[in-house]
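Geometric and topological summary
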Amino acid sequence: MSNPATPPRSLAEALRAKDDASLAVLLRARPDLITPVPTDLTQLATRAGTRASVLRALERLDRFALQTAEALAVAGDPASYGELLGLMAGDGGDPLVAAALPRALGTLRDQALVWGDDDRLRLVRTTREVLAPSPQYPSPTGLGPTVREATSGMSPGRIQEIVTTAGLPSTHDSVSAADALGRLFGHRKKMAKLLAAAPAESREVLSRLVWGPPYGQVTPEPAAHLRWLLDRGLLLPTGPGTVVLPREVALHLREGRAHREPEPVPPAVEPTATHRPQVVDATAAGQAYTALATVEELLKDWDEGGPTVLRAGGLSVRDLKRTAVALDLSEPVAAFWVELAYAAGLLASDGEADERYAATPAYDEWLDRPPAERWTQLAQAWLTATRASGLVGGRDAKDRALSALGPGLDRSAAPEVRHRVLTLLAGLPEGTAPAAASVLARLRWERPLRGPQQQGDDLRGRLARWTLSEAELVGVTGRGALSAHGRALLGAPPVEPLVEKEQEAAGPGAKLPVHHHRPTAVLEPLSPPEQAVAAAAAGRLLAPLLPEPLDHVLLQADLTAVAPGPLQRPLADALGVLADVESKGGATVYRFTPASVRRALDAGRTATDLHAFLTTHSRTPVPQPLAYLIDDVARKHGHLRVGAASAYVRCDDDTVLNEIMADKRAAALRLRRLAPTVLATQADPAALLEGLRAMGYAPAAESAEGDVLITRAHAHRTPPRTAPEPVPDGPPPPDGTLLAAAIRAIRAGDLAATTPRKPAGTAVQGGELPRTTPAETLATMQAAVLTGGTLWIGYVNAEGTASQRVIAPIRVEGGFVTAYDHTADEVRTYPLHRVTGVAELAEG
């Protein structure tokens, strides 16, 4: 093990010098490093340097931390802190950069992308390869190669010519010549003197290349001002007709800065409007109730079995349009509600041969809960779902259409973006709505795009815009500001009273100065138990704001009923059978028609029942036209009886049957008279019922015993289904228990791998298991029991996994050794035949 006073020589040694808390920070930030748990710190360092892991870590850096890593990639290896500060702040310095740089460098160290002391900072090799400038992958800094890199393939004579023309003495080899030229370009005073003698056209060429890209084109016979630059090495050839601006020259022209605009401070989330908190909460609560009503209406529309499932999965475009019309919404918004019901486990496919979408049994349980609890279930499902409904109607990477409820809508970044957007809103004063552009700018700073994504699709930006609109639909926000129940849903603390008082003093429409805004809180996603607590708190805040269901309607003379607010569920269900919904909104209008009244009679209600129902639940007298309508439909209802003959019609009044037989519209039914009061047909009873109703009659179906059949809508339900699991973005962050166990195992494995050992048996190469004969293994074990010694063993478990362990044998008998295992920190028993070899540990 290295001396703590000695600078680490590798990333593994740097990790070995960290304490357990620092290792926990690393593994929590990069959970892919413990999947599976490394055997020791050397393996952890190796895994931390793999390209896939490094790219994942870089994608999670904020803009300034990434700029710091990019600056280290163009600095020397190793670089000092002073050199890094110069690259970030420039020759003139920048107090904001100087103040923020320790935090950014600490982030890179915490995530094992940088190691070493401040005087010897080293980027992990793979990180340098990813970020360093190259012709194929230009650096985000816009810098090109160094003089040494650019002249690596140049002839020695040509290099000496450049050195001499630049005013330097010739050297004995190309390497020293390139170094001398690089030192000249890096010397501020000498470089300024050299450029002062340059033609104006030459300086113009350098100014066009200084911030990148550093490559340009020249003709075989370059102009005089270009020849002046080429002769002095201020432009160096990289290929036929291509030149590059050396890094040292660009840094001089940039006054030492690696980036044109360092961004040490995140952009502020700017407010656009401020509302009274009570208005925000009331608006959000109203939209929350609308969300509940919309989901209920959607699933009621699919109660008898919804649209069929496409062969590739999902809803067809036609079914989505039909659903949007039924809900009186646009198709994107309808797709959002369909996806939300699916994410909450209220909707699924039934899995039958003719597969259809329908409500799940969980929907019936959901309906029985109080409104506030139903809302929290929807809101939690939305907050944690990885499916993005905004993608519906687009195309995937294989140019296949993306449909609602279909595959391909999962985006693992969605929950994190939603949580972060709402957290930014929670950092604003209560009642403040943010500017969407400032929210997007903040997110881009926290997770800047790299590589081709910089010019391509900004998925996180689209997810953020969808989050702002979806939060308003669900009722988490009101008028663009985070509501009190939305804040509780995140687990955010209440707004500071000081800010509330200042806002009240300034007036409801006034903007507080930026320094009065609370700093944006960094809220971690909640664990399942914490989510339950937060949901309960949100429900308690929302419940008083939701409208109380009414037990009455207002009947009007034009055969309509107005519900001035939400109705109690039994009343709403009964009225939904007796009347048709004509319009929705703050007040729902129902219209009574002969068909709707007949529907209620088919469901087993009598005219007396309907009169009593309306009298009980109406705050106005039952209008005479409505009473006449009910009595008229009831008088005709059941006068005709339809049964199976295939089907028959019977009626005590033969004149009615004569009318039917004489009606030309009955020709398609092919009726024939069996008796004066009975007609028969080959059509099935359902078709006969529909045909007679289309002719204006009100027949009733009857059973084989002659009783009237009561018909009710059949509620179709799927088998029990669980809500879809979110698709994680890589391994989930480990909890405290897993972290502690993983760190202990890594430490113990590292102890087994690095503890000095006495030579025994066959020589052991680094990383190999010890190899001894069974007799040597048994003898060494028995001797260690007598002396109380500690041994290093190689062990292969029943699954064939090899490991190194440090043990203190207690007893050896029956082909087993019982020992205290320092690696596992417990007493264990090992079969001797699985021990590959043994070596004594050196004293001390």
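Scroll up a little and you will see the structure.
What follows concerns the overall build of the protein. What the protein contains, in helices and strands, is 34 helices and 25 strands. The C-alpha radius of gyration of the protein comes to 39 Å, more than 25% above the 28 Å expected for a compact globule of 844 residues. Counting only C-alpha atoms, the protein reaches 125 × 90 × 60 Å along its principal axes. Here the protein holds 844 residues, and the buried ones make up 46% of them. Residue pairs in contact within the protein that sit at least 24 positions apart in sequence constitute 66% of those at least 6 positions apart. When the accessible surface of the protein is split by element, carbon and sulfur atoms take 55% of a total near 40,700 Å². Side chains of the protein give 89 positive and 97 negative charges; the mean places of these two sets differ by 5 Å.

Moving on, we get to the packing of helix H6 (residues 81–89) against helix H7 (residues 95–110). Two numbers describe how H6 lies on H7: the axes approach to 10 Å, and their chain directions differ by 125°. Overall, the two elements H6 and H7 adopt an arrangement that is oblique. Pair H6 / H7 crosses with right-handed handedness. When H6 is examined against H7, the residues Tyr81, Leu84, Leu85, Met88 and Ala89 are found in contact with a partner set consisting of Val97, Ala98, Leu101, Pro102 and Leu105.

Right, let's get into a negative patch on the surface. Judged by side-chain charge, Asp652, Asp653, Asp654 and Glu659 come together as a negatively charged surface patch. By the secondary structure assignment, aspartate 654 is in helix H31 (residues 654–662).

This part covers the nonpolar core. Judged by nonpolar contacts, the single largest core of 70 residues is most densely connected at Trp375 and Trp382. With 8 residues, the top contributor of residues to this core is helix H18 (residues 331–343). Among all residues touching tryptophan 382, those that are not within four sequence positions of it are Phe336, Leu340, Arg418, Leu422, Thr467, Glu470, Ala471, Val474 and Val476.

Right, let's get into unusual backbone geometry. Going from threonine 35 to proline 36, the amide bond is cis rather than trans, its omega being -5°. Among the structural elements, proline 36 can be located in the loop between helix H2 (20–29) and helix H3 (41–48). Phi is positive for alanine 112, which is not a glycine, with a value near 60°. Phi is positive for leucine 559, close to 60°, though the residue is something other than glycine. Residue placement: leucine 559 occurs in the loop between strand S12 (554–556) and strand S13 (560–563). For leucine 559, a relative accessible area of 23% translates into the label partly exposed.

About the cut-offs
- Residues numbered from 1 in each chain as written.
- Predicted model: local features only at pLDDT ≥ 70, side-chain atom pairs only at ≥ 80, totals over all residues.
- Heavy atoms only, no water.
- Helix = DSSP H or I, 4+ residues; strand = E, 2+ residues; numbered from the N terminus.
- Rg over C-alpha atoms; globule rule 2.2 N^0.38 Å.
- Buried < 20%, exposed > 50% of the residue type's maximum accessible area, 1.4 Å probe, protein only.
- Contact = heavy atoms within 4.5 Å.
- Areas by Shrake-Rupley, 256 points an atom, 1.4 Å probe, with all protein chains shown as cover.
- Lys, Arg positive; Asp, Glu negative; His and termini not counted.
- Charge placed at Lys NZ, Arg CZ, Asp CG, Glu CD.
- Axes fitted to C-alpha atoms, helices over the stretch in contact; angles between N-to-C directions.
- Parallel < 35°, antiparallel > 145°, perpendicular 65-115°, else oblique.
- Left-handed = near helix turned anticlockwise from the far one by under 90°.
- Patch = residues over 30% accessible without salt bridge, like charges linked within 9 Å, V, L, I, M, F, W, Y side chains within 5 Å.
- Salt bridge = Lys/Arg side-chain N within 4 Å of Asp/Glu carboxyl O.
- Core = buried A, V, L, I, M, F, W, Y, C linked by side-chain atoms within 4.5 Å.

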